[in-house]
Amino acid sequence: MAEKKKMTRAERLEAEREANLAYWTEQDDLLFKHREEAYNVGGQKQLDRLAKQNKKSVRELITDIIDPGTEFYELGLDVGYNIGKIRLYGGEIYESEKRDHIPGGGIVTGVGVVHGKDVMIFANENRYAAGTYFPITLKKHMRAQAIAEQCGLPCVYIADSGGINLPLQVGCFADDGHFGTMFYNMCRMSAKGIKQYTLSTGGNTAGGAYIVYLATESIMIEKMAYAFLAGPPMVKSAIGETVSMEDLGGAYVHTQHSGGCDHFVRSQAEGIQKLRDIIEFEPSQSLFTDRRENREPKFDFKEMMRVSPIDTYKYINIKDTIKCLADDSYFHEYKPTYGPGRGDSVVCGKMWMKGIPVGVVASNASGVIYIDAARKATEWMIRCGNSNLPVLFLQGSPGYMVGKAEEWGGIGKYGSDMVRTCTCLNSPKVTYVIGPDHGAANYGMCGRAFKPKFAFTNMRGRTTVMSGETAGFIVETVRRKNIEARGETVNEEEMAKFREMMRDRYDSEGHPFYTGSLNFHDGVVAFSEAREKIARAFEIALRVPVQKSDWGDMKV
């Protein structure tokens, strides 16, 4: 029997690259399949139901609203996925109501182009639970409003909602960030000159009616759209009056009598056209940067897949990823020789993306942030802020380096400087998680709490307080100590099962579908979409002038 030939190092590396490509292709296929549930809520049965009401689905309406040939830049598509099983934001009630899974979180949000202008669109998903608001629906709605306010985007509401989902009212009604905050945000944006437009395509009950009443201009469809503070059953209960929906709050009531609505139309198509006519009067938008012509990278997204290890915790050469994102694959690195082996765990520099100049702060190698890397990142963010340069964070760091030598050397101090500059950096920030995303590194590399204009992840990202391996070791150590303190013997078999359970739990809770379900990010972005999605994020963020960055009490 012939002896199997050993592979050369070059052959092993090429085999690994091809294995990476096959794996990430499979993972992105899983992502695309995952999205289908949100695209096709309720299947053909729901489309047939809408057709009987002479209605199109909200996604069809969005396609009709935006300019032909343009794409809808959707946000939060993963929200609500298996949220009842996650048991946050009303998990037990989701289960009792048999609503474990809310595709897309019950609302569609994203940026569309209307008459050449970027517009934030909110559309109640009337194919699910009558478009009612669950706690997670509200979180997604507020996130889109925050982006619209920060980027100065006019807002369009396609309103068809029964209001608060009553079994989950405790998580929807009374607190900051609940239902009333939607209307608070509308009023505050209006006061800033950010227009709010509503097309009512169905019922808008109780608080939901304010989506119509608070709009800069609103449109209602004859015998299809309704708005009232209380529907006919509640009116009957409260004052004994019997009244039809049409006579209580139909389109003719609010356009001819109450004055609560501005435009009367007879079909969805007429309503869409009226909405487009209104937005045509919106002023044109600027781009507050010095943009040059686009130059495609020399390396495509498949190369980015090849250089991304299957193991989230395996070393990565981030420059191989950057060359797939940067125009002409050109990257101008900042301090490339600083702190060999320690300063290079964060790579900093500049590139163009679709002609937009962008600063980069990127995790490299193991991603562990040493003192030198923290110093360099801090310096670079200050330079980007001082020159109004937007910044892309490519996050793949498991945390800051620990230990006596690092603590004595000031890792806490310099890490805090990095967190402070990330916080106070007012240039547009976009985060793309491409690996481990743990602990304070989540902070210094612009996790969601640090207000990036947009936050994305790919299928390789894992966002948890620490790795499952580390969490398992810490909790196991405490358990062992407690068992021994009681004078008992540790069952090693049970302890091994516990370690495995912790690893699996953390991997599950850090998975992009899990974090996306809770709206911890704005979407899972496939490798094939990354360059386009990130560049578009910067384009939207630069619709308003860049604010000056003030750095606070730096401990330099």
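Each chain carries its own residue numbering, running from 1 in the direction its sequence is written. For a predicted model such as this one, the threshold for reporting local features is a pLDDT of at least 70, and the threshold for listing and counting side-chain atom pairs is 80 or more; totals across whole chains, interfaces and linings nevertheless cover every residue. Hydrogens and water molecules were not included; the side-chain quantities draw on all heavy atoms of the structure.

### A closer look at the overall build of the protein chain
Part 1: When helices and strands are counted, the protein chain shows 22 helices and 16 strands.
Part 2: Here the radius of gyration uses the C-alpha set of atoms, whereas the globule reference equals 2.2 Å times the residue count to the power 0.38. Its C-alpha atoms give the protein chain a radius of gyration of 26 Å, near enough to 24 Å, the size a compact globule of 556 residues would have.
Part 3: Overall size of the protein chain, expressed as C-alpha extent along the three principal axes, is 80 × 65 × 65 Å.
Part 4: For the protein chain, the proportion of contacts with a sequence separation of at least 24, taken over those separated by at least 6, is 76%.
Part 5: A 1.4 Å probe and the Shrake-Rupley method give the accessible areas. Residues count as covered only by the protein chains that appear here. When the accessible surface of the protein chain is split by element, carbon and sulfur atoms take 53% of a total near 25200 Å².
Part 6: Seen as two clouds, the 70 positive and the 71 negative side-chain charges of the protein chain have centres 3 Å apart. Counting from the N terminus, the helices are DSSP H or I runs at least four residues long and the strands are E runs at least two residues long. Contacts are assigned to residue pairs with any non-hydrogen atoms lying within 4.5 Å of each other. His residues and chain termini do not enter the charge count, which takes Lys and Arg as positive and Asp and Glu as negative. Where a charge lies is defined by one atom per residue type: Lys uses NZ, Arg uses CZ, Asp uses CG and Glu uses CD.

### Some points on the packing of aromatic side chains
Part 1: Two rings belonging to Phe, Tyr or Trp (six-membered ring only in the last case) form a pair when the distance between their centres is within 6.5 Å. Interplanar angles under 30 degrees mark stacking, angles over 60 mark edge-to-face geometry, and anything in between is tilted. For the coordinates displayed, the defined rule picks out 13 aromatic pairs.
Part 2: Ring centres of Phe122 and Tyr157 lie 4.6 Å apart, and the angle between their planes is 15°; this geometry places the pair in the stacked category. With a gap of 35 residues between them, Phe122 in strand E3 (residues 117–124) and Tyr157 in strand E4 (residues 155–161) connect regions that are remote in the sequence.
Part 3: Working definition: with a 1.4 Å probe on protein chains only, accessible area under 20% of the residue-type maximum means buried, over 50% means exposed, and in between means partly exposed. Here Phe122 falls in the buried class, since its relative accessible area comes to 2%.
Part 4: Geometrically, the ring pair formed by Tyr133 and Phe179 is edge-to-face, given 5.3 Å between the ring centres and 70° between the ring planes.

### Things to note about the packing of helix H3 (residues 58–65) against helix H12 (residues 268–280)
Part 1: Two elements in contact, H3 and H12, have axes whose closest approach is 10 Å; the angle formed by their N-to-C orientations is 40°. The pairing of H3 with H12 is recorded here as oblique in orientation. For the element pair H3 and H12, the recorded crossing hand is right-handed. Within the contact between the two elements, H3 uses Leu61, Asp64 and Ile65 and H12 uses Gln268, Ile272, Leu275 and Arg276.
Part 2: Here the residues of the contact of H3 with H12 sort into 4 nonpolar, 1 polar and 2 charged. To obtain each axis, a line is fitted to C-alpha atoms, and for helices this fit is confined to the stretch in contact; angles are then taken between N-to-C directions over 0 to 180 degrees. These descriptions rest on fixed angle ranges, namely under 35 degrees for roughly parallel, over 145 for roughly antiparallel, 65 to 115 for roughly perpendicular, and the rest for oblique. Helix crossings fall into two classes, left-handed where the near helix is turned counterclockwise from the far one by less than a right angle and right-handed where it is turned clockwise. Charged residues are taken to be Asp, Glu, Lys and Arg, nonpolar residues to be Ala, Val, Leu, Ile, Met, Phe, Trp, Tyr, Cys and Pro, and polar residues to be all remaining types, Gly included.

### Some points on the packing of helix H6 (residues 135–151) against helix H7 (residues 179–191)
Part 1: Running from amino to carboxyl end, H6 crosses H7 at an angle of 10°, the nearest separation of the two axes being 10 Å. The angle between the axes of H6 and H7 places the two elements in the roughly parallel class. The two elements H6 and H7 meet at a crossing, and its hand is left-handed. Every residue of H7 that contacts H6 at Leu138, His141, Met142, Gln145, Ala148 and Glu149 is listed here: Phe179, Thr181, Met182, Asn185, Met186 and Met189.

### A short note on the pattern of salt bridges
Part 1: By definition here, a salt bridge exists when the distance from a side-chain nitrogen of Lys or Arg to a carboxyl oxygen of Asp or Glu is within 4 Å. Taken as a whole and judged by the stated rule, the model has 39 salt bridges.
Part 2: Here Arg306 ties to Glu18 by a salt bridge, and the two come within 3.0 Å at their closest N and O atoms. Placement of Arg306 in helix H13 (residues 301–306) and of Glu18 in helix H1 (residues 9–39) is noted, with a sequence separation of 288 residues between them.
Part 3: We classify Glu18 as partly exposed; its relative accessible area is 34%.
Part 4: Lys548 is the partner of Asp550 in a salt bridge, and the nearest nitrogen-oxygen pair spans 2.7 Å.
Part 5: For Lys548, a relative accessible area of 62% translates into the label exposed.

### A closer look at helix H15 (residues 371–386)
Part 1: What a helix is expected to span follows from its residue count: subtract one and scale by 1.5 Å. Between its terminal C-alpha atoms H15 stretches 23 Å, which fits the 22 Å expected from 16 residues at 1.5 Å a residue.
Part 2: Taken across its 16 residues, H15 has 12 buried, putting it largely inside the fold.
Part 3: Along H15, the residues classified as buried are Ile371, Asp372, Ala373, Ala374, Lys376, Ala377, Thr378, Trp380, Met381, Ile382, Cys384 and Gly385.

### A short note on the environment of Lys335
Part 1: One can find Lys335 in the loop between strand E9 (332–334) and strand E10 (346–353).
Part 2: Pairs of N or O atoms are called polar contacts if they sit within 3.5 Å, as long as, within protein, a hydrogen donor faces a hydrogen acceptor (for residues adjacent in sequence, only side-chain-to-side-chain pairs). A polar atom in the side chain of Lys335 sits 2.8 Å from the side chain of Glu379.

### A closer look at the environment of Ile221
Part 1: Tracing the backbone through its elements, the reader meets Ile221 in strand E6 (residues 217–221).
Part 2: Taking relative accessible area as the criterion, Ile221 reaches 0% and is therefore assigned buried.
Part 3: In sequence terms Ile221 and Gly271 are 50 residues apart; their C-alpha atoms lie 6.9 Å from each other.
Part 4: Discounting chain neighbours no more than four positions away, the residues touching Ile221 are Leu199, Ser200, Thr201, Ala251, Val265, Arg266, Ser267 and Gln268.

### As for the nonpolar core
Part 1: Met120, Met351, Leu392, Leu394, Tyr432 and Phe454 are the most contacted members of the largest nonpolar core, which totals 66 residues.
Part 2: Looking at this core, the element that brings in the most residues is helix H22 (residues 530–541), giving 7 residues.
Part 3: For Leu394, the residues in contact, after removing those within four places along its chain, are Ile318, Ile322, Leu325, Val360, Val361, Ala362, Ser363, Tyr432, Ile434 and Met445. Note on terminology: a nonpolar core comprises buried Ala, Val, Leu, Ile, Met, Phe, Trp, Tyr and Cys residues joined through side-chain atoms within 4.5 Å.

### Some words on unusual backbone geometry
Part 1: With phi around 55°, Ala130 is a residue other than glycine that occupies positive phi space.
Part 2: As for its placement among the helices and strands, Ala130 is situated in the loop between E3 and H6.
Part 3: One non-glycine residue, Lys354, lies in the positive phi region at around 55°.
Part 4: Inspection of the secondary structure assignment puts Lys354 in the loop between E10 and strand E11 (356–363).

### Regarding the pairing of E3
Part 1: Most of E3 is tucked away, with 8 of its 8 residues classed as buried.
Part 2: Burial of the side chains of E3 extends over both faces: Lys117, Val119, Ile121 and Ala123 are buried on one face and Asp118, Met120, Phe122 and Asn124 on the other.
Part 3: For two strands to pair, DSSP has to find at least two bridges joining them. Linking strand E2 (residues 107–114) to E3, which pair antiparallel, is a turn of 2 residues; within it His115 sits at a positive phi near 50°.
Part 4: Note: E3 against E4, 4 bridges, orientation parallel. For Ile121, the partnering residue across the bridge sits in E4 and is Val156.
Part 5: Regarding topology, H6 serves as the crossover connection from E3 to the parallel E4, and that connection is right-handed. With the strands aimed away from the viewer, a crossover counts as right-handed if its path from the first strand over the helix to the second runs clockwise.

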